[in-house]
Amino acid sequence: MDQPTVLIVSDDAEFSGAVTGRWQAERDTPAFTIMRGDLCRGLNPETYDAAIVGPVRRSILPGVLKALDPAGKPVLLICQDDQTPRGVRERHPRVMVLRQHDGWLDALVLVLTESLRRCQALERAQYAEQAQAAQQQQATLGGYMLEMRHSLNNALTSILGNSELVLSESGLPAATRSQLETIR
């Protein structure tokens, strides 16, 4: 994950502008995708790394959260009233809820930055586990090949010794001697 992409779902253009404007003050700024709440049906989870849900019509909020839920990505809901968080937490326990109060933009940037870092760390850990499993398979194969090499060498030594013993005898036909030379 080089530069994370944050999806902002809001019907309020000022909200999106405030979030992106505040994030510009940070050292690491993600890419942003901004869309209205009624457009976020059937989202491709590969197109974003985290989502912020701002002011949307109350009637479409459940649909927005339902569309974001299957991706398993961090979702931060910004709400203005006290009733919304309770209902959201019951239906979508993975959604983080932040109330708009003094300093909410700073809290939003902090929470989402840490969530993105956690996702990146999990991605690196999964990659390391996959690499370790592949190395384990290669080590097992290498051990097997080493063990078989000794067994094969023992069998070949026996064949070589027997072919030299037969070659030391006199009176062998030329065709037989040629085949034994090839074996040796």
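This text gives an overview of the structure that appears in the document. The shown structure was predicted, so the numbers you read here are calculated from the model rather than taken from an experiment. (Residues numbered from 1 in each chain as written. Predicted model: local features only at pLDDT ≥ 70, side-chain atom pairs only at ≥ 80, totals over all residues. Heavy atoms only, no water.)

1. What to know about the layout of surface pockets
No. 1: Size it by volume and the largest pocket reaches roughly 410 Å³.
No. 2: Every residue lining the largest pocket is counted, 18 residues in all, and those nearest its centre are Gly72, Lys73, Pro74, Arg94 and Cys119.
No. 3: Examining the composition of the lining of the largest pocket, we find that six residues originate from one element, helix H4 (residues 104–167), more than from any other.
No. 4: Of the volumes computed, that of the second largest pocket is approximately 300 Å³.
No. 5: As for the second largest pocket, its lining consists of 16 residues, of which Trp23, Asp28, Thr29, Thr113 and Arg117 are closest to the centre.
No. 6: For the lining of the second largest pocket, the element with the most residues is H4, which contributes eight residues.
No. 7: Of the residues in the lining of the second largest pocket, the class split is six nonpolar, three polar and seven charged. (1 Å grid on protein atoms, 1.4 Å probe; cavity = no way out; pocket = protein on both sides within 12 Å on 5 of 7 lines; lining within 4 Å. Points joined across faces, edges and corners; volume = space filled by probe spheres on them. Helix = DSSP H or I, 4+ residues; strand = E, 2+ residues; numbered from the N terminus. Nonpolar A, V, L, I, M, F, W, Y, C, P; charged D, E, K, R; others polar.)

2. Observations regarding helix H2 (residues 61–68)
No. 1: Restricting attention to buried positions, one finds in H2 the residues Leu61, Val64, Leu65, Ala67 and Leu68. Buried positions in H2, seen along its axis, are confined to an arc of 160° and lie on one side of it. (Buried < 20%, exposed > 50% of the residue type's maximum accessible area, 1.4 Å probe, protein only. Arc of directions from axis to C-beta.)

3. Some words on the nonpolar core
No. 1: Core analysis: the largest hydrophobic core is formed by 21 residues, its most contacted members being Leu7, Val53 and Leu68.
No. 2: For this core, the elements supplying multiple residues, two or more each, are strand S1 (5–9), strand S3 (50–53), H2 and strand S4 (75–79).
No. 3: At five residues, H2 tops the list of elements feeding residues into this core.
No. 4: When near neighbours in sequence (up to four residues on either side) are disregarded, leucine 68 contacts Leu7, Leu43, Tyr48, Ala51, Val53 and Val75.
No. 5: In terms of nonpolar packing, the next biggest core, distinct from the first, is built from 15 residues, Ile8, Phe15, Leu108 and Leu116 among them. (Core = buried A, V, L, I, M, F, W, Y, C linked by side-chain atoms within 4.5 Å. Contact = heavy atoms within 4.5 Å.)

4. Section: the packing of aromatic side chains
No. 1: Within this structure, the stated rule accounts for two aromatic pairs.
No. 2: Seen in terms of ring centroids, phenylalanine 15 and tryptophan 104 are 5.6 Å apart; in terms of plane orientation they differ by 5°. Their pairing is stacked. One end of the pair, phenylalanine 15, is in helix H1 (residues 13–23); the other, tryptophan 104, is in helix H4, and 89 residues separate them in sequence.
No. 3: The exposure class of phenylalanine 15 is buried, given its relative accessible area of 4%.
No. 4: Residues tryptophan 23 and phenylalanine 32 carry aromatic rings whose centres are separated by 5.7 Å and whose planes lie at 65° to one another, so their mutual orientation is edge-to-face.
No. 5: Overall, tryptophan 23 belongs to the buried group, its relative accessible area being 1%.
No. 6: Among the residues examined, phenylalanine 32 registers a relative accessible area of 22% and is labelled partly exposed.
No. 7: For lysine 73, the ring lying beneath its charged end belongs to tyrosine 48, and the centroid distance is 5.4 Å. (Phe/Tyr/Trp six-rings, centres within 6.5 Å; stacked < 30°, edge-to-face > 60°. Lys NZ or Arg CZ within 6 Å of the ring centre and 35° of its normal.)

Function cannot be read off these values alone, since they describe shape.
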